[in-house]
Amino acid sequence: MGTSILWLASLALVACGAEPAPVDPAPADIADIESAALENAAVRDAASAQPPTTEIAEQSDRAEKIGLWVLCEGSQRVLESPERMEAMFAAATRMGATDLFVQVYRGGRAWFDSSQADAGPYRAMLAAAGTDPLAQLLARAHSEGMRVHAWVNVLSLASHRKVPILDALGRGAVLVDQHGRSILDYPKLEVPQPDRKYYRMGTPAVWLDAAAPGVARYLTGTYAELIERYPEFDGLHLDYIRYPGVLPFSPGSRFGVGLDFGYGEATRKRFRDETGLSAPFGDSLSNANRWDQWRRDQVTALVGSIRTATRALKPDLQLSAAVGAYAERVYLAEGQDWMGWLESGLVEFAVPMAYTVDDRMFRYMAQRYSNGPLAERIW
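Since the structure is predicted, the reported quantities are computational estimates derived from the model, not experimental observations.

What counts, and at which threshold
- Residues numbered from 1 in each chain as written.
- Predicted model: local features only at pLDDT ≥ 70, side-chain atom pairs only at ≥ 80, totals over all residues.
- Heavy atoms only, no water.
- Helix = DSSP H or I, 4+ residues; strand = E, 2+ residues; numbered from the N terminus.
- Buried < 20%, exposed > 50% of the residue type's maximum accessible area, 1.4 Å probe, protein only.
- Contact = heavy atoms within 4.5 Å.
- Areas by Shrake-Rupley, 256 points an atom, 1.4 Å probe, with all protein chains shown as cover.
- Phe/Tyr/Trp six-rings, centres within 6.5 Å; stacked < 30°, edge-to-face > 60°.
- Lys NZ or Arg CZ within 6 Å of the ring centre and 35° of its normal.
- Pairing = 2+ DSSP bridges.
- Expected span 1.5 Å × (residues − 1).
- pLDDT = per-residue confidence, 0-100.
- Salt bridge = Lys/Arg side-chain N within 4 Å of Asp/Glu carboxyl O.
- Polar contact = N/O pair within 3.5 Å; in protein donor to acceptor, adjacent residues only side chain to side chain.

## Looking at the overall build of the chain
1) Next: When helices and strands are counted, the chain shows 12 helices and 10 strands.
2) Next: The buried share of the chain, reckoned over its 379 residues, is 51%.
3) Next: When contacts within the chain are restricted to residue pairs at least 6 apart in sequence, those whose partners lie at least 24 apart make up 76%.
4) Next: Taken as a whole, the chain presents about 17,000 Å² of accessible surface, with 55% of it coming from carbon and sulfur.

Structure (structure tokens):
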């Protein structure tokens, strides 16, 4: 079975990884990206010229998707500059982009009109432009036949400790490790010694606990507000919808090794109240499999809550997620059951973060996700 193909490009070549460097790229950077897109197009054209097979014929009627991820921070800041917005649309048009993933919520801060999040970035844009740049972008994209997805970083607050969600919910909203240490107390948001000799945070940040009281409700309200105020969005794209990854990773809590998160006192109490079981904590490994599944369920429940609230406002909204490229790994270690989300219809499509400069590895991942009943919904 064929897969949906999405050629994803980012103006800063960054999506869900480390903080982008705050340096404007040389104009040649844009040209390099466009050249790569044209080269991809040439490869596709060459492939289409080969003798047809049943599989090629089967895929011929499927519309190709070419997506551009547009960062709110970093080197481009398209929403903050009419000139850069114009340049982005010019590049998107030359690339033949069909979908724009526009980052509007990051680190607890909003590039849209919000009463829930820190709307400082939005107010600054409005004051500088005299009009709402996000509304302008939506109108322009639709006039040019492009779909727009609101890209939001859900459970990561980046390095921000003073944001409305923490003011409202307190430090209990932040993840705690199995040794009882809050990420808020991690030095520079990195693993403390002596563990730092063996472990690293995949993405150092202030991470929210999806199971902590009030977190799911607050985040759901934030994204519902976004769609209510900007119903022109075609989709909502969930990023950082998982527990943090740690290097090296361990497959769940049952082995008692590695570094694991979600052990806040209120979260463990909630698990005990709902299941009648005690969560593994410290040296205990009791009920580990049940505990892992329960935490995984909390992330899934958050996706469901966001879906219910936003589609109540816009029934045809396309919900999607940026997900770990190794589905079993993120299922076990990061509480992200994205294959299950596809199977149950919680998300319309998923975008595995297949980041690599190794062509062979990329081919392995692409081939793996190109087969099976969910292939059409994996971009």
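## Notes on the packing of aromatic side chains
1) Next: For the structure shown, the criterion picks out 16 aromatic pairs.
2) Next: Ring geometry for Phe271 against Trp294: centres 5.4 Å apart, planes inclined by 70 degrees, an arrangement best described as edge-to-face. Residue Phe271 is found in helix α8 (residues 265-275), and its partner Trp294 is found in helix α9 (residues 288-313); the two are separated by 23 residues along the sequence.
3) Next: A relative accessible area of 0% places Phe271 in the buried class.
4) Next: Of the residues examined, Trp294 reaches a relative accessible area of 6% and is grouped as buried.
5) Next: By the ring-pair criterion, three or more aromatic residues cluster together here, those being Trp69, Phe101, Trp151, Phe349 and Trp379.
6) Next: Positioned above the aromatic ring of Tyr243 is the side chain of Arg295, whose terminal nitrogen or guanidinium carbon lies 5.8 Å from the ring centre.
7) Next: Positioned above the aromatic ring of Tyr331, the side-chain terminus of Arg296 is 3.8 Å from the ring centre.

## Structural notes on the pairing of strand β7 (residues 235-239)
1) Next: Of all the 5 residues making up β7, 5 are buried; the element is thus mostly covered by neighbouring parts of the structure.
2) Next: Alternating positions in β7 separate into two faces, Gly235, His237 and Asp239 on one and Leu236 and Leu238 on the other, with burial throughout.
3) Next: With 5 bridges connecting them, strand β5 (residues 147-153) and β7 associate as parallel partners. For Asn153, the partnering residue across the bridge sits in β7 and is Asp239.

## Focus: the environment of Leu317
1) Next: Examined against the element boundaries, Leu317 turns out to sit in the loop between α9 and β9 (318-324).
2) Next: Here Leu317 falls in the buried class, since its relative accessible area comes to 0%.
3) Next: Spatially, the C-alpha atom of Leu317 lies 7.1 Å from that of Leu236, the residues being 81 residues apart in sequence.
4) Next: For Leu317, the residues in contact, after removing those within four places along its chain, are Ile227, Phe233, Asp234, Gly235, Leu236, Thr310, Arg311 and Glu348.

## Structural notes on helix α7 (residues 215-229)
1) Next: Taking 1.5 Å as the rise per residue, α7 with 15 residues should run 21 Å; its terminal C-alpha atoms sit 21 Å apart, in good agreement.
2) Next: Three or more residues of α7 are buried, namely Val215, Tyr218, Leu219, Thr220, Thr222, Tyr223, Ala224, Glu225, Leu226 and Ile227.
3) Next: Lining the buried residues of α7 we find β3 (99-106), β5, α6 (164-169), β7 and α9.

## Description of the environment of Gly67
1) Next: Residue placement: Gly67 occurs in strand β2 (residues 65-70).
2) Next: In this structure, the C-alpha to C-alpha distance between Gly67 and Thr98, residues 31 residues apart in sequence, is 6.0 Å.

## A closer look at the confidence of the model for the chain
1) Next: Considering every residue of the chain, the mean pLDDT works out to 85; 84% of them sit at 70 or more.
2) Next: Residue range residues 1-62 is modelled with pLDDT below 50. Its contacts to residues more than four positions away, or to other chains, number 100 contacts.

## What about the pattern of salt bridges?
1) Next: Applying the stated rule across the entire model yields 22 salt bridges.
2) Next: Arg109 serves as the salt-bridge partner of Glu73, at 3.1 Å between the closest nitrogen and oxygen. On the criterion of sequence distance, the pair formed by Glu73 in the loop between β2 and α3 (82-95) and Arg109 in strand β4 (residues 109-110) is long-range, its members being 36 residues apart.
3) Next: The exposure class assigned to Glu73 is buried, which follows from its relative accessible area of 13%.
4) Next: We note a salt bridge from Arg270 to Glu274, for which the minimum N-O separation is 2.8 Å. In this pair, Arg270 and Glu274 both sit in helix α8, 4 residues apart, roughly one turn of the helix.
5) Next: A relative accessible area of 28% means that Arg270 is categorised as partly exposed.
6) Next: Judged by relative accessible area, which is 46%, Glu274 ranks as partly exposed.
7) Next: What you see here is one network of salt bridges that share partners, running through Glu73, Arg106, Arg109 and Asp118.

## A closer look at the side chain of Glu334
1) Next: In this fold, Glu334 is placed in the loop between α10 (327-333) and α11 (338-344).
2) Next: Residue Glu334 is classed as buried on the basis of its relative accessible area, which comes to 9%.
3) Next: Within the structure, the side chain of Glu334 is placed 3.3 Å from the side chain of Arg242, a separation counted as a polar contact.
4) Next: Contacts of Glu334, omitting those with residues within four sequence positions, involve Arg242, Tyr243, Pro244, Gly245 and Arg329.

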